[in-house]
Amino acid sequence: MEDTKELTEHTSRTERKRRDSFGMFDGYDSCSEDTSSSSSSDESEEEVAPLPSSLPIIKNNGQVYTYPDGKSGMATCEMCGMVGVRDAFYSKTKRFCSVSCSRSYSSNSKKASILARLQVAGKPPTKKAKVLQKQPLVAKLAAYAQYQATLQNQAKTKAAVPVEGFSWGNYINSNSFTAAPVTCFKHAPMGTCWGDISEGVRVEVPNTDCSLPTKVFWIAGIVKLAGYNALLRYEGFENDSSLDFWCNVCGSDIHPVGWCATSGKPLVPPRTIQHKYTNWKAFLVKRLTGAKTLPPDFSQKVSESMQYPFKTSMRVEVVDKTHLCRTRVAVVESVIGGRLRLVYEESEDKTDDFWCHMYSPLIHHIGWSRSIGHRFKRSDITKKQDAHFDAPAHLFMKVKEVDTAGEWFKEGMKLEAIDPLNLSAICVATIRKVLADGYLMIGIDGSEAADGSDWFCYHATSPSIFPVGFCEINMIELTPPRGYAKLPFKWFDYLRETDSIAAPVKLFNKVEVPNHGFHVGMKLEAVDLMEPRLVCVATVTRIIHRLLRIHFDGWEDEYDQWVDCESPDLYPVGWCQLTGYQLQPPAPQSSRDNQSSSSKQKKKSKSQQYKGHKKMSSLQLKEELLDGEEYSFLQGASDQESNGSASYYIKQEP
């Protein structure tokens, strides 16, 4: 009676809430005080754990059967897809696990009538109705095979878990870190449709503070966001953070408010605060009025944003990691979160691979190299395998069209470029060859191989190349050519000594810097581009317009990398957990002291092979900037060109 009276007083408000898109309070009878003692017969059997055994179970006519791994005599029900001991199945054919499944399968009309009878309007479907609604055998034929594969891969999965059990939640909480928001990563799942998910948003999540044998839920609010991860607090705990927990917002256990009502799931308050209120329904109505929750189609959007156009067995052209100046044919071996594991076509044992994102500028459609005049290593395989097929050209990222008819880049012009073999350095560089469609072959001065095998292909609009003077203007350390003795390095002297000219500033991409949302100190997950199979815990340590300096937590600064703010090799916190990719945790103190990590040692040796020269110190750089000498471009750029709208490249006077 008390509940009825209170609901009457809130009729208009409740009805208004019923009409909104969240269906916020429909079916909240499940959270009344007698919920904990009610029968759970409507719950699916996967939510009940009557046996301590880890083996899957089935129930037939009241009997429980378990089956050992790898044994014969198994059968799959053609109606509900349940797998069990063949001898326990119904009838001589052993096609069904029970009489009800056999009868239900025999007639679609009978099935429809049973469903109509069992699903009374306004009530959640019963267990039998759920079974009848399940897909036939075709959809679940591989159930047992998947279970076998899961057991076989369990050891591998456990081995892939990062050492010391790294947790983003603990890492962020203990250090008061801030993570880059999901909206900074347009290429990541939900990057363009994240919406206004923020602190204060309410969701329905499993209630872990409960002794019931069934899976129950409760309302929680987002206390803090860190990428995809949210720190949640159960409704009713007020300022008590004792049971706060981290959860991936895009995970399968987070739902918008109202999901339990429409799905027939029980809402049960946590045991710790069960005594605080006698009328939890009224409490929820009061607390949730005007609150925000996830969109009703949130899970659908997550699923859609994790569909990738690249498929296994597709053939692409990708940079040859042993000779950067050329490309090779590779085959997509796997796709994880949009990242492609490419196996070079000539690799018989499939160990010669290369990792990159599907939007990476390093991959192209078959025939790209020939179309622009890029060097290409022909495969020894004269005929491609029948299962392999060329990836459609429209799947690859398009570059901005450029007009090469007028003044354009020429061979021998000087510029500044990120060294692809040492991504922590921006170096003195030279255009070695001009290709078609705006592509350029770039060489790093002082460290080029005699055969040009380390030339690298950048597009004219690439954010990784800069006009002469960019580093000085933006207070970035410029790496001079190896062996160049006249330090501190000055472009004016170097151009005169080498009888060279600087590439005109107006030829460089001067697009407006996007409102990317990154700030110094933000945490994220980033690819170690010197070992591109690794995704690591990282921090933004510097921002120069659209250029970000990424530091790998626990490692020395010499391993930092310069990347563009829209690089597809940057991901929100929680991306690895969401996609199933392995995250590399921060290096432990022992590794930092001894530099004992094999992957980092490889990167260090590779970088030092091409560095070889002494870095110009920050003090030297500051002294150079204090000299007061004005730099004049040798290509005769006008005052407007060198000091006008292209402020991205021009020194800013105090």
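Everything below is about the structure shown above.
Overview of the structure. Quick caveat, the model's predicted, so the values are computed rather than measured. (Residues numbered from 1 in each chain as written. Predicted model: local features only at pLDDT ≥ 70, side-chain atom pairs only at ≥ 80, totals over all residues. Heavy atoms only, no water.)

### Describing the side chain of Asp564
Stage number 1. If you trace the backbone, Asp564 turns up in strand S27 (residues 561–564).
Stage number 2. On the basis of relative accessible area, Asp564 is assigned to the buried category, the value being 11%.
Stage number 3. Of note is the side chain of Asp564, whose polar atom sits 2.6 Å from the side chain of Arg546.
Stage number 4. Aside from chain neighbours lying at most four places away, what touches Asp564 is Pro463, Arg546 and Leu570. (Helix = DSSP H or I, 4+ residues; strand = E, 2+ residues; numbered from the N terminus. Buried < 20%, exposed > 50% of the residue type's maximum accessible area, 1.4 Å probe, protein only. Polar contact = N/O pair within 3.5 Å; in protein donor to acceptor, adjacent residues only side chain to side chain. Contact = heavy atoms within 4.5 Å.)

### A few points about the pattern of salt bridges
Stage number 1. Counting across every chain of the model gives 28 salt bridges.
Stage number 2. For the salt bridge of Asp493 with Lys486, the shortest nitrogen-to-oxygen distance reads 3.5 Å.
Stage number 3. Take Asp493: its relative accessible area is 15%, and that puts it in the buried class.
Stage number 4. In this structure Lys486 comes out as partly exposed when scored by relative accessible area, which is 40%.
Stage number 5. Each of Asp320, Lys321, Arg326, Arg328, Glu346, Asp352 and Lys377 takes part in a single network of salt bridges with overlapping partners. (Salt bridge = Lys/Arg side-chain N within 4 Å of Asp/Glu carboxyl O.)

### Digging into the environment of Ile465
Stage number 1. Mapped onto the secondary structure, Ile465 falls in strand S22 (residues 465–466).
Stage number 2. Note: C-alpha distance between Ile465 and Cys427 (38 residues apart in sequence) is 9.7 Å.
Stage number 3. If we skip the residues at most four places from it in the chain, Ile465 touches Leu415, Glu416, Ala417, Leu440, Tyr458, His459, Ala460 and Phe508.

### Digging into the environment of Ile431
Stage number 1. Relative to the assigned elements, Ile431 resides in strand S19 (residues 422–434).
Stage number 2. A C-alpha to C-alpha distance of 9.1 Å links Ile431 and Ile444, two positions 13 residues apart in sequence.
Stage number 3. Discounting residues that sit within four places of it in the chain, Ile431 has contacts with Phe409, Lys410, Glu411, Gly412, Met413, Leu415, Leu440, Met441 and Ile442.

### Some details on helix H10 (residues 280–288)
Stage number 1. Within the span of H10, buried status applies to Trp280, Lys281, Phe283, Leu284, Val285 and Leu288.
Stage number 2. One side-chain oxygen at the N-terminal end of H10 lies 3.3 Å from the backbone nitrogen of Lys281; it belongs to Asn279.
Stage number 3. Count one or two residues on from H10 and you reach Gly290, which has phi positive near 80°.

### Brief notes about the environment of Cys250
Stage number 1. Looking at the element boundaries, Cys250 is found in the loop between strand S9 (245–248) and strand S10 (255–256).
Stage number 2. Cys250 sits 325 residues away from Trp575 along the chain, and the two C-alpha atoms are 9.8 Å apart.
Stage number 3. In this view, Cys250 contacts Met190, Trp194, Tyr228, Phe298, Val302 and Leu578; residues no more than four positions away in its chain are not counted.

### Some words on the side chain of Glu345
Stage number 1. Among the secondary structure elements, Glu345 is positioned in the loop between strand S13 (339–344) and strand S14 (353–357).
Stage number 2. On the basis of relative accessibility, which here comes to 10%, the residue Glu345 falls in the buried class.
Stage number 3. A polar contact is formed between the side chain of Glu345 and the side chain of Arg315, at a distance of 2.9 Å.

### A closer look at the nonpolar core
Stage number 1. Counting 68 residues, the largest nonpolar core has Trp194, Phe298 and Ile550 as its most contacted members.
Stage number 2. The contacts of Ile550, once residues within four sequence positions are left out, are Leu524, Ala526, Ala538, Thr539, Val540, Asp560, Gln561, Val563 and Leu570.
Stage number 3. Residues Phe310, Trp408, Ala417 and Ile418 belong to the second largest nonpolar core, which totals 59 residues. (Core = buried A, V, L, I, M, F, W, Y, C linked by side-chain atoms within 4.5 Å.)

### Details of the pairing of strand S7 (residues 217–226)
One face of the sheet, then the other: side chains in a regular strand alternate in exactly this way.
Stage number 1. For S7, the buried fraction is high: seven of the ten residues fall into the buried class.
Stage number 2. Bridge count for strand S6 (residues 202–206) against S7 is five bridges, and the pairing is antiparallel. Each residue of the ladder has a partner; that of Glu204, found in S7, is Ile219.
Stage number 3. Bridge count between S7 and strand S8 (residues 229–234): six bridges; the pairing is antiparallel. Bridged to Ala226 within S8 is Asn229.
Stage number 4. Here S7 folds back onto S8, and the loop between the two strands holds two residues, one of which, Gly227, carries a positive phi near 65°. (Pairing = 2+ DSSP bridges.)

### Observations concerning the sheet that holds S8
Stage number 1. If you trace the five strands from one edge of the open sheet to the other, you get S9-S8-S7-S6-S10, paired in antiparallel fashion. Both edges of this open sheet fall to S9 and S10, since each of them pairs with a single strand only.
Stage number 2. Of the strand pairs in this sheet, S6 and S10 are connected by two bridges, and their pairing is antiparallel. Paired with Glu204 across the bridge in S10 is His255.
Stage number 3. Here helix H8 (residues 168–175) sits on the sheet and contacts S7, S8 and S9; the angle it forms with S9, its principal contact strand, is near 130°.
Stage number 4. Lying over the sheet, H10 contacts S6 and S7, oriented at roughly 30° with respect to S7. (Axes fitted to C-alpha atoms, helices over the stretch in contact; angles between N-to-C directions.)

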